[in-house]
Amino acid sequence: DLISDHVGGTGRKTQEWIQKAMDGVLFIDEAYQLVAEERGGYGIEAIEVIMSAMENHRQRLVVIVAGYASKMTKFLDANPGLRRRFSSNNIIDFPDFSTAELFNILSGMLHALGLICSPEVEQFFHATLENLVQNKDEDFGNAGEMRNLSEAIYRRYAQRMLSTRDDPTVDARITIADIPSEYCLPAMDTSDDINTILDELNSLVGLNDVKAYLRRLVRITQYEQLRYQQNG
């Protein structure tokens, strides 16, 4: 909304949005994109216009910039004046949602779509979300990820119900088959092959910390699989 594709256009577009926000709030989401290299310097032009407006209209304009923490650090370092206008006292860090909070968000979204979970699926969701939280990176989408998941479930559910519409025995609730495979925990092989591999690991000289760490990962994964299979 702020960046133009020609010289001189960015300042004008940015100024137009500032005027619309006057006596209110200008909220810029994913503000770090303004300093992305592919913007060709046009983003920096937008930043300079915004900083000028923040200085000249201190009593009439509130500017909020939002984005992933690490990328926002790069944004603030792009221009010395940004640190002064967005002081450390005004930086608010929103922690990621917990597994329980994500489950509540997902449940609410599924309910809004008219979908009902069986107890088995609820247990599955708890394990899946726990896995997502443990393996998240800085780009983890939090509630946005739950929206993607709920919409994907809805599409698969609709296809299943359409293909079995003449079968009165079909479960109208969400089943594990309705959950996209990329959200499912990988099946853990609990055969002797795992123990054979661990024995080979143990036979190596040294690396005691590494061995302990890998053994712990294997056992945690096996435990999660068994807990799910036995309904928690």
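Refer to the structure printed above.
What counts, and at which threshold
- Residues numbered from 1 in each chain as written.
- Predicted model: local features only at pLDDT ≥ 70, side-chain atom pairs only at ≥ 80, totals over all residues.
- Heavy atoms only, no water.
- Core = buried A, V, L, I, M, F, W, Y, C linked by side-chain atoms within 4.5 Å.
- Buried < 20%, exposed > 50% of the residue type's maximum accessible area, 1.4 Å probe, protein only.
- Helix = DSSP H or I, 4+ residues; strand = E, 2+ residues; numbered from the N terminus.
- Contact = heavy atoms within 4.5 Å.
- Axes fitted to C-alpha atoms, helices over the stretch in contact; angles between N-to-C directions.
- Parallel < 35°, antiparallel > 145°, perpendicular 65-115°, else oblique.
- Left-handed = near helix turned anticlockwise from the far one by under 90°.
- Nonpolar A, V, L, I, M, F, W, Y, C, P; charged D, E, K, R; others polar.
- Lys, Arg positive; Asp, Glu negative; His and termini not counted.
- Salt bridge = Lys/Arg side-chain N within 4 Å of Asp/Glu carboxyl O.
- Polar contact = N/O pair within 3.5 Å; in protein donor to acceptor, adjacent residues only side chain to side chain.
- Phe/Tyr/Trp six-rings, centres within 6.5 Å; stacked < 30°, edge-to-face > 60°.
- Lys NZ or Arg CZ within 6 Å of the ring centre and 35° of its normal.
- 1 Å grid on protein atoms, 1.4 Å probe; cavity = no way out; pocket = protein on both sides within 12 Å on 5 of 7 lines; lining within 4 Å.
- Points joined across faces, edges and corners; volume = space filled by probe spheres on them.
- Expected span 1.5 Å × (residues − 1).

*Asks:* Got a minute to help me understand the nonpolar core in this structure?
*Replies:* Side chains that are nonpolar tend, in soluble globular proteins, to be buried together. Ranked by size, the top nonpolar core spans 24 residues in total, and within it Ile18, Leu61 and Phe75 carry the most contacts. Elements with a minimum of two residues in this core: helix H1 (9-21), strand S1 (24-28), helix H2 (42-56), strand S2 (61-65) and helix H3 (69-76). The element that contributes the greatest number of residues to this core is H2, accounting for seven residues. When near neighbours in sequence (up to four residues on either side) are disregarded, Phe75 contacts Ala31, Tyr32, Leu34, Val35, Ile47, Val65 and Leu82. The next biggest cluster of nonpolar side chains, apart from the first, holds 20 residues, and it includes Leu102, Leu110, Leu129 and Ile153.

*Asks:* Looking at this structure, I do not really get the packing of helix H5 (residues 99-112) against helix H7 (residues 143-163). What am I missing?
*Replies:* The angle between the axes and the distance between the axes are what describe a pair of packed helices. Relative orientation of the contacting elements H5 and H7 amounts to 40°, with a least axis distance of 9 Å. It follows from the interaxial angle that H5 and H7 lie oblique. By crossing handedness, the relation of H5 to H7 is classed as right-handed. Residues Leu102, Ile105, Leu106, Met109 and Leu110 of H5 pack against Ala143, Met146, Arg147, Leu149, Ser150 and Ile153 of H7. Residues of the contact of H5 with H7, tallied by class, amount to nine nonpolar, one polar and one charged.

*Asks:* Is there a simple way to think about the side chain of Lys211 in this case?
*Replies:* Tracing the backbone shows Lys211 in helix H9 (residues 208-229). Despite its burial, Lys211 remains without a salt bridge, the nearest opposite charge being carried by Asp209 at 11 Å. From its side chain, Lys211 meets the backbone oxygen of Asn202 in a polar contact 3.2 Å long. Setting aside chain neighbours within four positions, we find Lys211 in contact with Leu201, Asn202, Leu204, Val205 and Gly206.

*Asks:* Is there a simple way to explain the packing of aromatic side chains in this structure?
*Replies:* Pairs of aromatic rings are described using the distance from one ring centre to the other and the angle between the two planes. Applying the stated criterion to the full structure yields one aromatic pair. In this arrangement the basic side chain of Lys20 is found over the ring face of Trp17, its NZ or CZ atom lying 4.3 Å from the centre.

*Asks:* Please explain empty space enclosed by the protein as it appears in this structure.
*Replies:* For the coordinates displayed, the defined rule picks out one cavity of 30 Å³ or more. Considered as a void within the structure, the largest cavity measures approximately 50 Å³ in volume.

*Asks:* Sorry if this is basic, but what is going on with unusual backbone geometry here?
*Replies:* Glycine aside, a negative phi is what most residues show, and trans is what most peptide bonds show. The backbone phi angle of Asp23 is positive, close to 65°, even though this residue is not glycine. Secondary-structure assignment places Asp23 in the loop between H1 and S1. For Asp23, a relative accessible area of 58% puts it in the exposed group. At Leu207, a residue that is not glycine, the phi angle is positive and equals roughly 60°. Tracing the sequence through the fold places Leu207 in the loop between helix H8 (192-202) and H9.

*Asks:* So what exactly am I meant to see when it comes to the packing of H5 against helix H6 (residues 119-134) here?
*Replies:* Taken N-terminus to C-terminus, the directions of H5 and H6 make an angle of 130°; their axes are 9 Å apart at the nearest point. In terms of their interaxial angle, H5 and H6 are classed as oblique. H5 and H6 meet at a crossing whose hand is right-handed. Contact residues: Thr99, Leu102, Phe103, Leu106 and Leu110 in H5; Glu122, Phe125, His126, Leu129, Glu130 and Val133 in H6. Within the contact of H5 with H6, the residues separate by chemical class into seven nonpolar, two polar and two charged.

*Asks:* What should I look at first to understand H6 in this one?
*Replies:* It helps to recall that an α-helix has 3.6 residues per turn; residues three or four apart then point in one direction. Its 16 residues give H6 an end-to-end C-alpha distance of 23 Å, which sits within 8% of 22 Å, the value for a rise of 1.5 Å per residue. Restricting attention to buried positions, one finds in H6 the residues Val121, Phe124, Phe125, Ala127, Thr128, Leu129, Leu132 and Val133.

*Asks:* In this structure, what is going on with the layout of surface pockets? I would like to understand it.
*Replies:* Here the idea is plain: a probe the size of a water molecule rolls over the atoms and shows the empty space left. The computed volume of the largest pocket comes to approximately 1,500 Å³. Broken down by secondary-structure element, the contributors of at least two residues to the lining of the largest pocket are H2, S2, H3 and helix H4 (80-85). For the lining of the largest pocket, the class distribution of residues is 20 nonpolar, six polar and eleven charged.

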